[in-house]
Number of protein chains: 2
Amino acid sequence: MKDHQELLNLPHKTIERLSQYRRALLLCLEDGRTHIFSHEIAKIQHITPVQVRRDLMLIGYSGTLRKGYNIRELIDLIGEIIDSEEMINVAVVGVGNLGRALIKYFNGKRHKLYIVAGFDINPEKIGKIINGIPCFGTEDMDRVVREKNIKIGILTVPAANAIESSKRLVDAGIKGIVNYTPKPIEVPDNVYLEEYDMVTTLEKVAFYVKMAELKGEKVEGGN
Amino acid sequence: MKDHQELLNLPHKTIERLSQYRRALLLCLEDGRTHIFSHEIAKIQHITPVQVRRDLMLIGYSGTLRKGYNIRELIDLIGEIIDSEEMINVAVVGVGNLGRALIKYFNGKRHKLYIVAGFDINPEKIGKIINGIPCFGTEDMDRVVREKNIKIGILTVPAANAIESSKRLVDAGIKGIVNYTPKPIEVPDNVYLEEYDMVTTLEKVAFYVKMAELKGEKVEGGN
DNA sequence: TTTGCAATGTTATTTACTTAACAAAAATAT
DNA sequence: ATATTTTTGTTAAGTAAATAACATTGCAAA
Ligand SMILES: NC(=O)c1ccc[n+]([C@@H]2O[C@H](COP(=O)([O-])OP(=O)(O)OC[C@H]3O[C@@H](n4cnc5c(N)ncnc54)[C@H](O)[C@@H]3O)[C@@H](O)[C@H]2O)c1
Ligand SMILES: NC(=O)c1ccc[n+]([C@@H]2O[C@H](COP(=O)([O-])OP(=O)(O)OC[C@H]3O[C@@H](n4cnc5c(N)ncnc54)[C@H](O)[C@@H]3O)[C@@H](O)[C@H]2O)c1
């Protein structure tokens, strides 16, 4: 299999697409299919077949001519590349509306990723099991992160608390953060950070919708 | 001001960043500041000052040397570019955990974007006001979209219902869709589509965290 | 003054990503 | 058998985005 450097050389976009391919492939598998063509994957993902084949080339997977790719094999290979050997444990900080939606969405899914704890400051939540996972007070973060070997934190606290919460996560030894609050946070170099805000997405859609209306004609699809 | 073609030539990434700049600038304004330097904006957004200046150059905004950019002016200019003249109305389809989180997050915010309706099939939700917005049955989508002049739909139904719901939205005449279900949907060319799935984000973070651990050293930050 | 500095604004270069072009192979049709 | 089609795999070309380089400006300090 590919060595570390080769894996790190994979384009970031390819990593994202591999995750998406796998999700689509798992659905196909459920439908009882065994093989799939690049153009079928492409259709699902709104990209070109060439891109699919190129991604698969980069990870060194070969299909069979005129038969396509073996879905099971491909799923497994993607797993070998993007998943860790052992489970990676995840915590949600801020078990509010969004936090609970994420927990619910995740729970009961396959993956090498598991949400194993929530953190909150609301006494009514602390000590309870929420959507199947235990909720702790933030003062226990250090201990729980260590004991449960939590590597990634998902930030869904109110924006005003984003900075302090991210500091706590970093201090507790977390290695990756996904920040869903609209407040950009800062983390040290050794912590991997992704930020996402729905408003940006919506404003972008609104912009292209506006432009399409002004032109009275179509614009090509999303990013 | 810039004409349509010039606006459409702006890089997609610049459009996204303009939205983000504005959000950050609004916070600065609340802090009572009047001016800001490119390197300050850059710090907040985890990008380089050059990129900020380049984006602002592209939209034709000039700061004052040694004083930076006028926050108020810049916010207004960004608004002129990415916002529409009139309000753009938005609907949420699937008023569950995620849908409610989004509504709550949006409600009471500035913007030219407003979530004005929710759609669901659960009889307990239909007819109610949820987080301040009225919830309708999906059978009324055509009518409500027309009456309320809704342009954008946010899809937060269960994955199994994503396809049918997106079709309904398109049939009702919607012009943009943000799909938060893990099921990729298809829309005609004249509908602008953005899809987002948290699992992809988390798996990407997990991948780079894993790689960092294997290397025993740092990787550079997110995308 | 005039020199240095800290900032902006713009062009040039580089890097990252996507798409196009095409060769090769296997199945199918002639 | 031979040609045609369909699909993969790979290299080459093209686009888009980010970064670097640098010219410019006006203030501040000497
Ligand atoms: N990125 C997006 O698309 C998106 C969408 C919706 C909401 N949001 C953001 O996500 C965040 C959560 O939204 P929500 O609707 O779930 O809000 P919410 O108020 O329902 O939940 C926030 C939770 O955080 C807890 N909390 C408060 N301070 C805390 C702290 N210091 N440490 C730990 N927990 C703390 C609260 O007790 C509450 O349970 C907000 O910042 C919101 O702006 C983002
Ligand atoms: N993108 C993400 O990051 C993310 C995160 C969490 C959840 N999700 C996804 O978002 C979706 C919603 O998640 P949730 O936790 O809010 O689920 P949920 O079950 O709480 O909510 C779904 C809602 O949709 C309604 N519904 C069902 N069928 C419908 C239909 N045909 N038309 C209109 N409404 C219908 C249900 O009555 C319910 O109110 C799911 O697809 C989930 O996988 C995505």
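Note that the coordinates shown come from a computational prediction; the quantities given were computed from them, not determined experimentally.

Q: Before we go on, may I ask you to explain the protein's contact with DNA strand D in this structure?
A: DNA strand D sits among 22 residues. The nearest are Ser 38, Ser 62 and Arg 66 of chain A together with Leu 65 and Arg 66 of chain B. Counted by atom, the contact set of DNA strand D within 4 Å of the protein is 54% sugar and phosphate. For DNA strand D, a phosphate oxygen lies 2.7 Å from a polar atom in the backbone of Gly 63 of chain A. Gln 51 of chain B is positioned with one of its side-chain polar atoms (N or O) 3.1 Å from a phosphate oxygen of DNA strand D. Elements supplying a minimum of two residues to the surface near DNA strand D: α4 (49-58) of chain A together with α2 (12-30) and α4 (49-58) of chain B. The residue makeup of the surface near DNA strand D, split by class, is 8 nonpolar, 7 polar and 7 charged.

Q: Please clarify how the interface of chain B and chain A should be interpreted in this entry.
A: It is common to give the size of an interface as the accessible area lost on bringing the parts into contact. Taken together, the contacts link 76 residues of chain B with 76 residues of chain A. Buried area between chain B and chain A, both sides added, is near 7500 Å², and the carbon and sulfur share of it is 66%. The interface formed by chain B and chain A contains 12 salt bridges. Salt-bridge contacts for Arg 23 of chain B lead to Asp 197 of chain A; the nearest nitrogen and oxygen are separated by 3.7 Å. Scanning the region where chain B abuts chain A turns up 28 residue pairs in polar contact (both at pLDDT 80 or more). Looking at which element gives the most residues to the side of chain B that touches chain A, the answer is helix α9 (residues 198-215) of chain B, with 17 residues. Looking at the side of chain B that touches chain A residue by residue, the class counts come to 37 nonpolar, 16 polar and 23 charged.

Q: Help me out: how do you make sense of the side chain of Asn 89 of chain A in this one?
A: Residues and elements named next belong to chain A. Checked against the element boundaries, Asn 89 lands in strand β3 (residues 88-93). Polar side-chain contacts of Asn 89 include one of 2.8 Å to the backbone oxygen of Lys 148. Ignoring anything within four residues of it in the chain, the contact list for Asn 89 reads Tyr 114, Val 116, Lys 148, Asn 149, Ile 150, Lys 151 and Ile 152.

Q: What am I meant to see in the pairing of strand β4 (residues 113-120) of chain B here?
A: Side chains on a regular strand alternate between the two faces of the sheet. Residue and element names in this part refer to chain B. Taking burial as the measure, the 8 residues of β4 include 7 buried ones, the bulk of the element. Here 6 bridges tie strand β3 (residues 88-93) to β4, and the two strands are oriented parallel to one another. Among the inter-strand pairings, Asn 89 is bridged to a residue of β4, identified as Tyr 114. Since β3 and β4 lie parallel, the crossover through helix α6 (residues 97-106) that links them has a hand, and here it is right-handed. Where β4 and strand β6 (residues 133-137) come together, 3 bridges link them in parallel fashion. Residue pairing across strands places Gly 118 opposite Cys 135, the latter belonging to β6.

Calculation notes
- Residues numbered from 1 in each chain as written.
- Chains lettered and ligands numbered in written order.
- Predicted model: local features only at pLDDT ≥ 70, side-chain atom pairs only at ≥ 80, totals over all residues.
- Heavy atoms only, no water.
- Near = heavy atom within 4 Å.
- Polar contact = N/O pair within 3.5 Å; in protein donor to acceptor, adjacent residues only side chain to side chain.
- Helix = DSSP H or I, 4+ residues; strand = E, 2+ residues; numbered from the N terminus.
- Nonpolar A, V, L, I, M, F, W, Y, C, P; charged D, E, K, R; others polar.
- Contact = heavy atoms within 4.5 Å.
- Buried area = accessible area lost by both parts, 1.4 Å probe.
- Salt bridge = Lys/Arg side-chain N within 4 Å of Asp/Glu carboxyl O.
- Buried < 20%, exposed > 50% of the residue type's maximum accessible area, 1.4 Å probe, protein only.
- Pairing = 2+ DSSP bridges.
- Right-handed = clockwise from strand over helix to strand, strands pointing away.

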